[in-house]
Amino acid sequence: MSVLQRLMFPAGYVRVLRSLRRKATAYWTLNSGSWLDSVGSNNLAETNDVTLGTGIQGGAAQFTIAASTTLSIADNAALSMGDGEFTWIAWPNLDAKVGQQAIISKRNVAQENALYYEPAVPDEYSFILTDNVPTAVVVESNYSPTAGVWDFVAAWRDKIAQTINIQVNMGTINSTAFTGTVADSDGAFVLGGLAAGASSILGGRIDEVGIFKGVVLTQNELNVIYRSRVCRPLWR
């Protein structure tokens, strides 16, 4: 470990990074333009030519609203969250704050599970989860992003506490009660839109996306991921 890494990562940080790698269900560095899953076989396919931009670490997926660009993979057991706990993380960087823009989604006609930017006043990142009634429950971040600036967004479902939660840049955790059963959507897993090439297209970049199924990451674990952008990425 370099001197810089020793300064940025106190004792135990590398151990936590290794633990996070074991806990990850899927992780996309989005570093090379190949959109490969660093954990398993959930490699993403392009719709309408997603390009490679500059990321928080190396490269990032660059999405364009006018071209309806997305990355996606068909529904599968690994990326269906079921009724358990889970954590989603991503680094979005919006080109402009115009219209609803999805960061991560898994959606069909009746069920929508998504992390997205919402332009309504006040504009903010939000996380929506649908139960099997179906009733959609939304938790708002109360954080207004700045166009052209990277944000670390974490969203999770805590089954024990019966909440859904969102946190931006390790700031305030916002929570909303979720007492129902999570709807197991059969929709595709999509980055940059609510459906492949279809709606709520993101204009901007997304980097370092992780899915942790069956676990709520601790604040220490999330802080390690947040700080790892500086000198030691989670997956390189």
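Description of the structure in this document. (Residues numbered from 1 in each chain as written. Predicted model: local features only at pLDDT ≥ 70, side-chain atom pairs only at ≥ 80, totals over all residues. Heavy atoms only, no water.)

## What about the overall build of the chain?
Secondary structure assignment for the chain yields 3 helices and 15 strands. Taking 236 residues into account, the globule formula puts the C-alpha radius of gyration at 18 Å, and the chain, at 17 Å, falls close to it. For the chain, buried positions account for 52% of its 236 residues. Put simply, the chain shows about 9400 Å² of open surface, and 52% of that area lies on carbon and sulfur atoms. (Helix = DSSP H or I, 4+ residues; strand = E, 2+ residues; numbered from the N terminus. Rg over C-alpha atoms; globule rule 2.2 N^0.38 Å. Buried < 20%, exposed > 50% of the residue type's maximum accessible area, 1.4 Å probe, protein only. Areas by Shrake-Rupley, 256 points an atom, 1.4 Å probe, with all protein chains shown as cover.)

## Describing the sheet that holds strand β7 (residues 101-107)
Read from one edge of the open sheet, 7 strands run β2-β5-β14-β7-β8-β9-β10, paired in antiparallel fashion. Each edge of the open sheet is held by one strand with a lone partner, namely β2 (45-47) and β10 (136-140). Each strand axis lies, on average, 20° off the axis of its neighbour in the sheet, ignoring direction. Sheet topology note: the β7/strand β8 (residues 112-118) ladder contains 6 bridges and is antiparallel. Paired with Ile-104 across the strands is Leu-115, a residue of β8. (Pairing = 2+ DSSP bridges. Axes fitted to C-alpha atoms, helices over the stretch in contact; angles between N-to-C directions.)

## Concerning the pairing of strand β15 (residues 204-213)
Buried residues dominate β15, accounting for 9 of its 10 residues. Bridge analysis of strand β1 (residues 26-28) against β15 gives 3 bridges, and the strand direction is antiparallel. The residue of β15 that forms the bridge with Trp-28 is Val-209. Note: strand β4 (residues 59-63) against β15, 3 bridges, orientation antiparallel. Bridging from a neighbouring strand, Phe-63 pairs with Gly-204 of β15.

## Overview of the packing of aromatic side chains
Counted under the stated rule, the structure contains 9 aromatic pairs. Ring geometry for Phe-86 and Trp-88: centres 5.5 Å apart, planes at 40°, overall tilted. Taking the relative accessible area as the measure of exposure, Trp-88 reaches 1% and is therefore buried. (Phe/Tyr/Trp six-rings, centres within 6.5 Å; stacked < 30°, edge-to-face > 60°.)

## Some thoughts on the environment of Ala-24
Inspection of the secondary structure assignment puts Ala-24 in the loop between α2 (13-23) and β1. Along the primary structure Ala-24 and Ser-72 are separated by 48 residues, whereas in three dimensions their C-alpha atoms are 18 Å apart.

## Description of helix α3 (residues 219-228)
Every buried residue of α3 is listed here: Glu-221, Leu-222, Val-224, Ile-225, Tyr-226 and Ser-228. Buried residues belonging to α3 abut α2, β6 (86-94), β11 (153-158), β12 (163-168) and β15. (Contact = heavy atoms within 4.5 Å.)

## What to know about unusual backbone geometry
Of note, the bond from Val-133 into Pro-134 is cis; its omega dihedral lies within 30 degrees of zero at 5°. Mapped onto the elements of the fold, Pro-134 is located in the loop between β9 (124-130) and β10. Positive phi, close to 60°, is recorded for Gln-162, a residue that is not glycine. By secondary structure assignment, the location of Gln-162 is in the loop between β11 and β12.

## Digging into the packing of α2 against α3
Between α2 and α3, the least distance of the axes is 10 Å, while the angle of their chain directions is 105°. Judged by the inter-axis angle, α2 sits roughly perpendicular to α3. Contact residues: Tyr-13, Val-16, Leu-17, Ser-19, Leu-20 and Lys-23 in α2; Asn-220, Glu-221, Asn-223, Val-224, Ile-225, Arg-227 and Ser-228 in α3. Its residues assigned to classes, the contact of α2 with α3 comprises 6 nonpolar, 4 polar and 3 charged. (Parallel < 35°, antiparallel > 145°, perpendicular 65-115°, else oblique. Nonpolar A, V, L, I, M, F, W, Y, C, P; charged D, E, K, R; others polar.)

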